[in-house]
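Residue strings, one per chain:
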2 protein chains.
Amino acid sequence: MAAKANHVSCGIDLGFRADIESTIDSACGEGYDFVCLDIVNPEKKQTFGEADVGHKVGDDTRPDFMLGSQEWNTLVVGKLSDWISLNSENHYANAASEEALLQELHFASYLSLPAVMIRVDSYDCANLARLVYSHIMKSHHATNMWIHMPVSANKDTADGETKSQNTWMWWNKFRMLCNQHNKISLALEITEDLPDPESLKQWLGEPVRVVILNTSIFLTNKKGFPVLSRAHQHLIMQLFRLNSQFVITGVTKDGMALKTYQQYLEHLYQHRPCPDQYDMFAKGYEDYLQSPLQPLMDNLESATYEVFEKDPVKYRCYEEAIFRCLADKATVSLEKDPIVLMVLGAGRGPLVRAALSAAKRAETKIKCFAVEKNANACVTLNLLKRTEWVDEDVTIVSGDMRVWEAPVLADIIVSELLGSFGDNELSPECLDGAARFLKPDCISIPASYTSYLAPISSQKLYNEVEAAGALDPDKPKITAFETPYVVRIHNYHELSPSKPVFTFTHPAEKAENENDKTHLKNSRQAELRFSMPCDTMVHGFSGYFHCTLYKDVYISIVPETHSPGMFSWFPLFFPVFKPVLLKQGDEIAITIWRQCTNSKVWYEWVISEPCNSAILNPGGRSYTIGL
Amino acid sequence: MAAKANHVSCGIDLGFRADIESTIDSACGEGYDFVCLDIVNPEKKQTFGEADVGHKVGDDTRPDFMLGSQEWNTLVVGKLSDWISLNSENHYANAASEEALLQELHFASYLSLPAVMIRVDSYDCANLARLVYSHIMKSHHATNMWIHMPVSANKDTADGETKSQNTWMWWNKFRMLCNQHNKISLALEITEDLPDPESLKQWLGEPVRVVILNTSIFLTNKKGFPVLSRAHQHLIMQLFRLNSQFVITGVTKDGMALKTYQQYLEHLYQHRPCPDQYDMFAKGYEDYLQSPLQPLMDNLESATYEVFEKDPVKYRCYEEAIFRCLADKATVSLEKDPIVLMVLGAGRGPLVRAALSAAKRAETKIKCFAVEKNANACVTLNLLKRTEWVDEDVTIVSGDMRVWEAPVLADIIVSELLGSFGDNELSPECLDGAARFLKPDCISIPASYTSYLAPISSQKLYNEVEAAGALDPDKPKITAFETPYVVRIHNYHELSPSKPVFTFTHPAEKAENENDKTHLKNSRQAELRFSMPCDTMVHGFSGYFHCTLYKDVYISIVPETHSPGMFSWFPLFFPVFKPVLLKQGDEIAITIWRQCTNSKVWYEWVISEPCNSAILNPGGRSYTIGL
């Protein structure tokens, strides 16, 4: 069932077939990867009083020896009997349905089927959810539950009108009742009518494991082959990004060959938009949680420098910023002395290279200091000084900018100390430590940076955090939720444009008062409010930064202003401990604090509106950044 | 600080006093139990830039040797400096306030003060909550945080009007941000104007540890002594029920002696309404969680029988029901044979006694069987047969009604198998087991029973469940929340009248179908909806029963119809795992299932609207009742 690389994984729904082996052979021959089959023969029905209670697992069920266990496990998705209904008025018919449902689920587990398809056709699904959740809790098999929902549905009201149903609420109810269990995934049926674009976005934030396409939504093109409308094509393209699998269901039209549907999907897949540079770089990292770097506590590895030096955008922007700054300095300055430019945190030299290149363009002489606390990187810097920079005025300083005794004062300082959330790798504290050796009119590149947050819905990320928490059973469960994560957020719904949080400007103004301590100066708090575009679950907040390097030269990972192709930063994800259900138009507020002592910095955060959560990471108990 | 029996515990707020020892001596001489004192001398102030940042713990702070640690720990409640404000526009003034606040909290812990009074004066209290919560999380001292809030407040709006503030929302925000920690309790200030009765009910559901009375709200009576208005008196009487302590604050009026306030409160306390029979019985059990009885699995103890036999109401109602039933039987029956009456679950004989007494009143002959599975109780029954019932036709049967081979068929069966939630001690399953030996027109007393549920707000009960979960660290935290508890719910707010859940009628109709199993017949599901009367947190549901013994003779623990003075049952509390914040007018729905197998019965339940919780007790994983 695993999707093959460069190929769309597509199954076909064949209902009940007695001759399983030949059925599978012929479906595979038509290009399909798997088949969906009824677990029980639907023609053998029983009645119970007035109610049709269908047929149970028993003598007439297909025997397990019809296929090898490897085939059951990779080629067959089970379908529950259609007659099973838990919303009957007849108590005994319901009870019989429940019993049959559990028998079919057990039988699917017994066959080691990879998944069972379970159809939800109304908001009234609590009893179905209870049975499925109890089944998952009781058994230790690997069978997944594919919850089959339409992307939109209409209901006839009493007065003869049809009313459109919010089927996302069905899905949300079902999965929340089942505690967002990761064995519950979504089998989304694309209907002929599509909901508005905002509602479609909402589905794209969900774990769409399978996309179900009924043959009835296909059109026939001039050559007589099945095709989809533009709107459907557009949606399918977006679903490809989620690595969803597909299932074709319904009767084939006008004697069309089965294989034409699979071939058309494969055709669409091969013509999906090319991923951009950022997507290429991020491939394999989608929704994968990483702990943020602790560059002050840990030295970076050479390979890490190597990856980030390849960013095609960042150093071009730095060079442009330094060039403009040097040009401005040359205009106002009457001095003949070379401009003192210090690279604070030089790593393996990319900013030194950008500075030297900018100076050449500006036809300005600079005296360059490259300060780097990682002694390993200084080996590379010294080599560069003896080779590449032999004709330049570059001094390599192996040491921490916060304690270095500079021999001269700086005209320009250049640094790249930003984390995904701007200040979260302690750029403010580092640059404050350099304040001792700046000329009064010293310019800092970057000049300022601002962090941003946006509320997001993403069961995928929430489950990842929960899984991270389960790795260390000695820590309380909440620890994993009190940590922000660097992550290429992918399967999510951003519920609002992000809003600015904390701003730092450099060189920083001196503190107002002599008694004042640096750690007070860099503490911050902010409350941000967002209005919800639709009914939704909020699972956390995505964090970004926007950084002004010099005047209008900036780098940014805020979605609306993202520097195109710059891949050095993935967003930072702040989880919430309990997802929050909100209705369209409801307001949510996050309150976030940046707290500092002389030895560490941390964030605390909470959904402060609606107010039913506890503050996360109180006193930095689960996560701090060391100075 | 512990409240003395039969005495109101009352403290006095004296602000800052240099001469602590004599201050305390004189306050105690005036009848007060403790004093509230400023931690830091408020006259020694500092300024910070423009802002007043007050004085910090330091040389001028009162030294610890002024009192013994026993006195600090029992007689003094600390007050934070008034100038501390975390909502200043000035970042540095806020930072200085934060530092001073933490210093004062640390100093209070150092002195082992039993409590610190912390004033909240707006909804904008997130930063204060953060500091208090971080402090509690970091330290292991026992100091409680008394969060001082007014019962009502007005705010002047921009256009010159005053708008009433919902101060309960301040409290709710503060305690939720602090994770409802049990070191956070409420110091409720009674204001001159009281809010409407519904809002007052809301406060009575909160952990009101202390009631603060400003001398300004007192009136002066004809004799020149301080008294409270009728409305205030009424409120104070209700607060006495919560065992709240009191604090008098403000300047004494017209040279009135300090002690007169304490004397007046003591006077009110001595004239509080007498507790009724039920309250007397429940004394000491308030909000104390008990696991429901498992009478089928475990045999009751003699002392348990003894307590419940003393119920002044239950057996009177049973006797009346039996009397009416015998009278009706006598009217329609032409037979001369005695009426066969079987007591199913006879215990130590109270229902046999009621039956014999009813038969005497009805002048009817009965043949009585007393069936009891607890062999220890049968010893008592046999003794009664030989002594008290020597002239009666009573047969003692030591055995389980579900397997007993009855020698005759019953005209009437009488049983008392109900739990707090009606069917939760498996009365339906037991009586179904007796169906084999009933005449076709057999009458069951009770004839039917219905369970009821109501949503409640009670931080107290929620914290008790959480504490119960912490007792066994080997079990997952959720286990304690997947168990219903028998409890005298006391410090709570019932948010709506209760609604009926499951009904059982006896003798039960035969199942429709031969294939049918008893365990299907007694399974049930229900969804109940409630509209909220105010903004609130729902912490769980209280469960009750209403039972029709015969025709209009009933027993009930549903609040609206509670049989007066009947004390045999406390309510059943169904917790929710995550408290749910709801606004006035919002709807909440609970879906609850009664599930059965051949060996056990259990409930599963969930807040199904708004839908953001997982089903509790799936498959009976945490709690079942054995058959």
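Residues numbered from 1 in each chain as written. Chains lettered and ligands numbered in written order. Predicted model: local features only at pLDDT ≥ 70, side-chain atom pairs only at ≥ 80, totals over all residues. Heavy atoms only, no water.

Draft legend 1. Geometry of the nonpolar core. Residue and element names in this part refer to chain B. Grouped together as the largest cluster of nonpolar side chains are 110 residues, with contacts concentrated most on Ile 445, Phe 541 and Ile 592. When we break this core down by domain, the ones giving at least three residues each are domain 2 (302–416) and domain 3 (448–626). Ignoring any residue separated from it by four or fewer positions in sequence, one finds Phe 541 in contact with Leu 453, Ala 454, Pro 455, Ile 456, Phe 530, Leu 572, Phe 573, Phe 574, Val 576, Ile 588, Ile 590 and Ile 607. (Core = buried A, V, L, I, M, F, W, Y, C linked by side-chain atoms within 4.5 Å. Buried < 20%, exposed > 50% of the residue type's maximum accessible area, 1.4 Å probe, protein only. Domains from an automatic or database assignment. Contact = heavy atoms within 4.5 Å.)

Draft legend 2. Inspection of the pairing of strand 20 (residues 448–457) of chain B at higher detail. Residues and elements named next belong to chain B. With 10 of its 10 residues buried, strand 20 lies for the most part within the structure. Every second residue of strand 20 is oriented toward a common face, with Ser 448, Thr 450, Tyr 452, Ala 454 and Ile 456 on one face and Tyr 449, Ser 451, Leu 453, Pro 455 and Ser 457 on the other, all of them buried. Across five bridges, the pairing between strand 20 and strand 23 (residues 499–505) is antiparallel. When the sheet's bridge partners are listed, Thr 450 is paired in strand 23 with Thr 503. Pairing of strand 20 with strand 25 (residues 536–550), which is carried by nine bridges, proceeds in the antiparallel orientation. Bridge pairing in strand 25 places Thr 450 opposite His 546. Note that strand 20 and strand 22 (residues 493–494) share two bridges and pair antiparallel. Bridged to Ser 457 within strand 22 is His 493. (Helix = DSSP H or I, 4+ residues; strand = E, 2+ residues; numbered from the N terminus. Pairing = 2+ DSSP bridges.)

Draft legend 3. Fine view of the domain arrangement of chain A. All names here are of chain A. Here chain A is described as being made up of domain 1 (10–273), domain 2 (302–416) and domain 3 (448–626). Using only C-alpha atoms to locate each centre, domain 2 and domain 3 end up separated by 31 Å. Contacts between the two partners involve 14 residues from domain 2 and, on the opposite side, 14 residues from domain 3. Taking both sides of the interface into account, the surface hidden between domain 2 and domain 3 amounts to around 1200 Å²; carbon and sulfur atoms contribute 70%. A salt bridge links Arg 324 to Asp 552; the shortest N-O distance between them is 2.6 Å. If you list the elements that add at least two residues to the side of domain 2 that touches domain 3, you get helix 10 (302–309) and helix 11 (314–332). For the side of domain 2 that touches domain 3, the element with the most residues is helix 11, which contributes eight residues. A breakdown of the residues in the side of domain 2 that touches domain 3 according to their chemical character gives eight nonpolar, no polar and six charged. (Buried area = accessible area lost by both parts, 1.4 Å probe. Salt bridge = Lys/Arg side-chain N within 4 Å of Asp/Glu carboxyl O. Nonpolar A, V, L, I, M, F, W, Y, C, P; charged D, E, K, R; others polar.)

Draft legend 4. Spatial organisation of helix 15 (residues 459–470) of chain B. An ideal rise of 1.5 Å per residue puts 16 Å on 12 residues; helix 15 of chain B measures up with 16 Å between its terminal C-alpha atoms. Looking at helix 15 of chain B, one finds that the buried residues are Gln 459, Leu 461, Tyr 462, Asn 463, Val 465 and Gly 469 of chain B. (Expected span 1.5 Å × (residues − 1).)

Draft legend 5. View of the relation of the copies chain A and chain B. Superposition record for chain A on chain B: RMSD 0.1 Å, screw rotation 180°, translation along axis 0.0 Å. On this basis, the relationship between the two copies can be described by a two-fold rotation axis. Taking C-alpha positions as the reference, the residue of chain A nearest the rotation axis is Lys 578 of chain A, at 4.2 Å. Taken as a fraction of all interface residues of chain A, those also at the interface in chain B reach 100%, which identifies the copy contact as same-surface. (Least-squares fit on C-alpha atoms with pLDDT ≥ 70 in both.)

Draft legend 6. How the structure looks around the side chain of Ser 608 of chain B. Looking at where Ser 608 of chain B falls in the secondary structure, it is placed in strand 29 (residues 600–609). Residue classification places Ser 608 of chain B among the buried positions, given a relative accessible area of 0%. At 3.4 Å, the side chain of Ser 608 of chain B and the side chain of Glu 527 of chain B are in polar contact. If sequence neighbours within four positions are ignored, Ser 608 of chain B has contacts with Tyr 123 and Lys 173 of chain A together with Glu 527, Ala 589, Ile 590 and Thr 591 of chain B. (Polar contact = N/O pair within 3.5 Å; in protein donor to acceptor, adjacent residues only side chain to side chain.)

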